[in-house]
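# Descriptive analysis of the structure
One letter stands for each residue in the lines below.
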Amino acid sequence: MAERADGHRPPPTDTTIDSADWDGRELHREVHRRVLFSGVDMTEATDRGSVFEECVFRDVRFNVSLHEDALFAGCAFVRCSFFDATFRDCKLTGGRFDGCSYGLLKVEGGDWSFAGLPGADLRGSAFQDVRLREADLTGARLEGASLLRCDLSGAWLRGADLTRCDLRGSDLDGLDPLTVELDKAIIDAHQATVVAAALGLDVR
């Protein structure tokens, strides 16, 4: 597989699951290590407590799937579709996303720290109570999305479009308002003070 533009290569894999039909499949605490999932249909699959370590998902359809308490450790997602998928209390720390689509993606709780989502089209997606420490959201499109009560400490947001994005309760201490689009973004009173201070205003 070609090297990503950001310099990260997908992890090497030992086995391949190719073009499998997992539509509606129930996954319960399954363990997959160093597996390439290629062209797999996981539409409406239900995944509870499964572990995927150093796996590569290429052209996988996660549409309308549900994942609860699942672990995706050091995984790469290439040209995958996440339409109306839900990730609840999952851990995707360090996950790399390349050329994926995310319409109506819902993420509730969990840890997506260090996730690589540069340029991701996340319009209309909803993140709630998610740990996004040092996540790469450079140039991400978040118009009309919601990032409610998310930990954005150290997140890379340069060039991100946060137009009409609901940011209430999230950590914006590292946000540079001069490098993002904030038109009609929704923030709370504390965040307004943080943004004003970042602009050099004297808040009293």
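Please refer to the structure higher up on the page.
Quantities reported herein were computed from a predicted structural model and do not represent experimental measurements. (Residues numbered from 1 in each chain as written. Predicted model: local features only at pLDDT ≥ 70, side-chain atom pairs only at ≥ 80, totals over all residues. Heavy atoms only, no water.)

### Points about the nonpolar core
In terms of nonpolar packing, the biggest core is built from 53 residues, with F37, F57, F77, F82, F97, W112 and F127 touching the most fellow members. Residues in contact with W112, not counting those within four places in the same chain, are F87, C90, L92, F97, V107, L117, F127, V130, R131, L132 and A135. (Core = buried A, V, L, I, M, F, W, Y, C linked by side-chain atoms within 4.5 Å. Buried < 20%, exposed > 50% of the residue type's maximum accessible area, 1.4 Å probe, protein only. Contact = heavy atoms within 4.5 Å.)

### Describing empty space enclosed by the protein
If a probe as big as a water molecule is rolled over the atoms, it shows which places are left empty. Considering all chains together, one arrives at one cavity of 30 Å³ or more under this definition. Space inside the largest cavity adds up to approximately 30 Å³. As for the largest cavity, its lining consists of L152, A155, L157, D171, L172, D173, G174 and L175. Considering only residue class, the lining of the largest cavity consists of five nonpolar, one polar and two charged. (1 Å grid on protein atoms, 1.4 Å probe; cavity = no way out; pocket = protein on both sides within 12 Å on 5 of 7 lines; lining within 4 Å. Points joined across faces, edges and corners; volume = space filled by probe spheres on them. Nonpolar A, V, L, I, M, F, W, Y, C, P; charged D, E, K, R; others polar.)

### With respect to the pattern of salt bridges
Applying the stated criterion to the full structure yields 18 salt bridges. D41 is the salt-bridge partner of R61, the closest N and O atoms lying 3.7 Å from each other. Pair noted here: R61 is in the loop between strand 7 (56-58) and strand 8 (66-68) and D41 is in the loop between strand 4 (35-38) and strand 5 (46-48), with a separation of 20 residues, a long-range link. Using a relative accessible area of 14% as the deciding quantity, one classes D41 as buried. Measuring nitrogen to oxygen at the nearest pair gives 4.0 Å for the salt bridge that ties D151 to R131. Of this pair, D151 sits in the loop between strand 15 (146-148) and helix 1 (189-198) while R131 is found in the loop between strand 14 (126-128) and strand 15, placing the two residues 20 residues apart along the sequence. D151 sits in the buried class, given a relative accessible area of 18%. A residue is classified by how much of its surface remains accessible, and R131, at 37% relative accessible area, is partly exposed. Several salt bridges share partner residues, and in doing so they unite R48, E68, R88 and E108 into one network. (Salt bridge = Lys/Arg side-chain N within 4 Å of Asp/Glu carboxyl O. Helix = DSSP H or I, 4+ residues; strand = E, 2+ residues; numbered from the N terminus.)

### Concerning a nonpolar patch on the surface
A cluster of nonpolar side chains, contributed by L178, L199, L201 and V203, occupies part of the molecular surface with about 400 Å² of accessible area. Position of L178 among the secondary structure elements: in the loop between strand 15 and helix 1. Here L178 falls in the exposed class, since its relative accessible area comes to 69%. (Patch = residues over 30% accessible without salt bridge, like charges linked within 9 Å, V, L, I, M, F, W, Y side chains within 5 Å. Areas by Shrake-Rupley, 256 points an atom, 1.4 Å probe, with all protein chains shown as cover.)

### Remarks on the pairing of strand 4
Along strand 4, one buried face is formed by V35 and F37 and the opposite face, lined by L36 and S38, is buried too. Looking at chain direction, strand 1 (residues 15-18) and strand 4 are connected through four bridges and run parallel. When the bridges of strand 4 are listed, I17 appears paired with F37. Summarising the sheet, strand 4 and strand 7 pair through three bridges and their orientation is parallel. Within strand 7, the position partnered with L36 by the bridge is V56. (Pairing = 2+ DSSP bridges.)

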